[in-house]
Amino acid sequence: MSTKTSLQLPRWEFSAPHTQAVQSALKDWQTNNKMARLWRGDPSLWTGDDEDKWVGWLPIVEDQLAHLKQLNDAATDAAKAGFTHALLLGMGGSSLCPEVLKITYGKQPGHPELHVLDSTDPAQIKSIESQVDLAKTLCIVASKSGSTLEPNIFKQYFFDRMQQTVGKDKAGEHFIAITDPGSKMQQVAERDQFRKVFFGVASIGGRYSALSNFGMVPAAVMGLDLSKFLQRTNEMVQACKPEVPVDQNPGAVLGAILGTLGNLGRNKVTIITSPGIHDLGAWLEQLIAESTGKIGKGLIPVDREALGAPEVYGDDRVFVHLRLSDEPDTAQKQKLDALKSAGHPVVEIELGDIYDLGQEFFRWEIATAVAGSILKITPFNQPDVEASKIVTRQLTEAYEKSGKLPEETPLFDDGSIKLFTDERNATNLNKLVGSDRSLTGFLRAHLSQFNPGDYMALLGYIEMNSAHEESLQAMRNAVRDRKHVATCLGFGPRFLHSTGQAYKGGPNTGVFLQITCDDANDLPVPGQKYTFGIVKAAQARGDFQVLADRKRRALRVHLPKDVEAGLENLGRAVERALK
């Protein structure tokens, strides 16, 4: 059990066996000088692979403070140019931090309002476009490698729209790029005469890039006080240095808890936040899942699942409560106290105010690196993300040649909703479904497959909006309450660059329900035969194929063009299936 010596140390109070295990891990890290080895990037701390090539995030805050003028100049330039909107075009590590900043801080007076696009769903792209005045918009194309499909086609679309709006000779003035030196995106930016190119650091992976230019350039453009933000963040950097005793190190303590409890079967890291920082969970999902979910191991992050009574949870949970000190929530605290009383491990982290957000970025990066060592995996690669990209690429290339995607045969079709799966899952579901070959019957069969310690993931390749999220949240909470399993919810294709790694490479304990739809309206990708709707469909098929190849329990639900009505029908069928 820890005593809280500052706002920065997590508070935790566990059962005796869990407490002893965590204390043993902390002692091991202190005795064997492991924090110093982490800061050196010593590969032997993890798997002895190439981990030393991926620790450029450790000194980045001090580097950003030393070069603050570059960021302040970006803020001044965007404001003086008269831009009223900034539109970030990215995926995964290039988009999740800016999204957290946008939602947490909102529009800053005298600066452009930040918008983030990280979906190939045509409806979502049109929705974002309708929120900005292109003539007064600065587009920020963020792509570390410069070869990621989505940022490239976002750029093609909006550059074409910008040319139509302001003219071919002025379109480049409305674009900046954030990319690694020498990337294809740098070449595109220079060819198209972008306003500015900001560089990433080659030794920083996407999900560890929040405090690099990938997070801080959008933060500057939207007008955050980056001197305050980075100085506050640097307090956490110093608190996590190897000179600090491990049991007083905020990142090391959290990492020891997550890694140790993960090895003991409490591997569903359930994130509870104050409303004012609720979107931090989306960033944490990627960091935790993509870093730890591989070679059949991993921590499964659970974000935005409604807090329930102790009896709806299995013994695979660890709860992390991120609380704003100026936003007390009595009902939330009572529910968490009940979980503690029932023996569930609860970790409490307090933020003084929203400008402590950068501290959490760094704390969790350290914690994830520590947990990775304890789990005996490398936290800096994502070997299974590439698998679905390859299938998607094959499908889009085939479409460019033939003008169509391969035909599919549904397992079930009632004229409105169709079900699809692979041969192995179909054989299993046909055995389980019995004589009730209805939508409800197949869903009941699919949702009957849970074992203790399993989880369900809803994977929605539909527009990410509040109405759709509300429908999917109701489904996941119903499954959690009836089946007592952890539940995850992700929107595609963005989760492919986030939790998708753990779903494919982590423990085979997931039951997946993928949701796709007919697009009411599609959008062209300039210069390509395929459309955004075709890309999204190819991404969903690629995702499903890799889940099937990894022998995951997966079922795809295909909705009609009226997605809201389709979700209503699906929600009712799920409710019936759970009775």
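Let me sum up the structure you'll find in this document.

About the cut-offs
- Residues numbered from 1 in each chain as written.
- Predicted model: local features only at pLDDT ≥ 70, side-chain atom pairs only at ≥ 80, totals over all residues.
- Heavy atoms only, no water.
- Helix = DSSP H or I, 4+ residues; strand = E, 2+ residues; numbered from the N terminus.
- Rg over C-alpha atoms; globule rule 2.2 N^0.38 Å.
- Buried < 20%, exposed > 50% of the residue type's maximum accessible area, 1.4 Å probe, protein only.
- Contact = heavy atoms within 4.5 Å.
- Areas by Shrake-Rupley, 256 points an atom, 1.4 Å probe, with all protein chains shown as cover.
- Lys, Arg positive; Asp, Glu negative; His and termini not counted.
- Charge placed at Lys NZ, Arg CZ, Asp CG, Glu CD.
- Core = buried A, V, L, I, M, F, W, Y, C linked by side-chain atoms within 4.5 Å.
- Pairing = 2+ DSSP bridges.
- Axes fitted to C-alpha atoms, helices over the stretch in contact; angles between N-to-C directions.
- 1 Å grid on protein atoms, 1.4 Å probe; cavity = no way out; pocket = protein on both sides within 12 Å on 5 of 7 lines; lining within 4 Å.
- Points joined across faces, edges and corners; volume = space filled by probe spheres on them.
- Nonpolar A, V, L, I, M, F, W, Y, C, P; charged D, E, K, R; others polar.

**Some details on the overall build of the protein**
Along its length, the protein carries 21 helices and 16 strands. Expected size for 579 residues packed as a compact globule is a radius of gyration near 25 Å; at 23 Å, the protein falls within 12% of this value. A principal-axis box enclosing the C-alpha atoms of the protein has dimensions of 65 × 65 × 45 Å. Taken over 579 residues, the protein has a buried fraction of 62%. Within the protein, counting contacts between residues at least 6 apart in sequence, those at least 24 apart form 79% of the total. Carbon and sulfur atoms make up 49% of the accessible area of the protein, which totals about 21100 Å². Separation between the mean location of the 65 positive side-chain charges and that of the 71 negative ones in the protein comes to 3 Å.

**A few points about the nonpolar core**
Counting residues in each nonpolar core, the largest one holds 95 residues, and the members touching the most others are Leu 38, Phe 229, Trp 283, Phe 361 and Trp 364. Considering every element that reaches this core, the biggest residue donor is helix 14 (residues 357-375), with eleven residues.

**Considerations on the sheet that holds strand 16 (residues 553-559)**
With mixed pairing, the six strands of this open sheet are ordered in space as 11-12-16-15-13-14. Only two strands of the sheet have a single neighbouring strand rather than two, namely strand 11 (412-413) and strand 14 (486-491). Inspection of the sheet shows strand 11 paired to strand 12 (residues 418-420) by two bridges, in the antiparallel sense. Residue pairing in the sheet places Phe 412 in a bridge with Leu 419 of strand 12. Set on the sheet, helix 20 (residues 532-549) makes contact with strand 12, strand 13 (455-460), strand 15 (510-517) and strand 16; between it and strand 15 the angle comes to about 160°.

**Comments concerning the sheet that holds strand 2 (residues 85-89)**
Here we have five strands laid out as an open sheet, ordered 3-2-4-5-6, and parallel in their pairing. Edge strands, defined here as strands with exactly one partner in the open sheet, are strand 3 (113-117) and strand 6 (196-199). Neighbour-to-neighbour, the strand axes of the sheet open up by a mean angle of 20°, direction not taken into account. The pairing of strand 2 with strand 3 spans five bridges and is parallel. Its bridge partner being in strand 3, His 85 is matched across the sheet by Glu 113. Strands strand 2 and strand 3 of the sheet are contacted by helix 5 (residues 96-105), whose axis makes an angle of about 140° with strand 3. Those strands touched by helix 9 (residues 213-221) are strand 2, strand 3, strand 4 (137-142), strand 5 (175-179) and strand 6, and its axis lies near 155° from that of strand 5.

**Quick look at empty space enclosed by the protein**
Per the stated rule, a full pass over the model turns up two cavities of 30 Å³ or more. Volume-wise, the largest cavity comes out at about 210 Å³. Around the largest cavity, the lining is made up of 16 residues, and of these Glu 285, Leu 489, Gly 490, Phe 491 and Arg 494 lie nearest the centre. Counting residues per element, the ones that place at least two in the lining of the largest cavity are helix 12 (280-292), helix 18 (466-483) and strand 14. Its residues assigned to classes, the lining of the largest cavity comprises six nonpolar, four polar and six charged. For the lining of the second largest cavity, the elements supplying multiple residues, two or more each, are strand 13 and helix 18. Considered class by class, the residues forming the lining of the second largest cavity number seven nonpolar, no polar and no charged.

**Observations concerning the pairing of strand 6**
Two strands pair when backbone bridges link them, and strand 5 and strand 6 are joined in this way by four bridges, in the parallel orientation. Residue pairing in the sheet places Thr 179 in a bridge with Phe 199 of strand 6.

**Section: the environment of Ala 210**
Looking at where Ala 210 falls in the secondary structure, it is placed in the loop between strand 6 and helix 9. Residue Ala 210 is classed as buried on the basis of its relative accessible area of 1%. When the C-alpha atoms of Ala 210 and Gly 93 are compared, they prove to be 7.3 Å apart, with 117 residues separating the residues in sequence. If we skip the residues at most four places from it in the chain, Ala 210 touches Cys 97, Gly 215, Met 216, Trp 283, Phe 361 and Glu 365.

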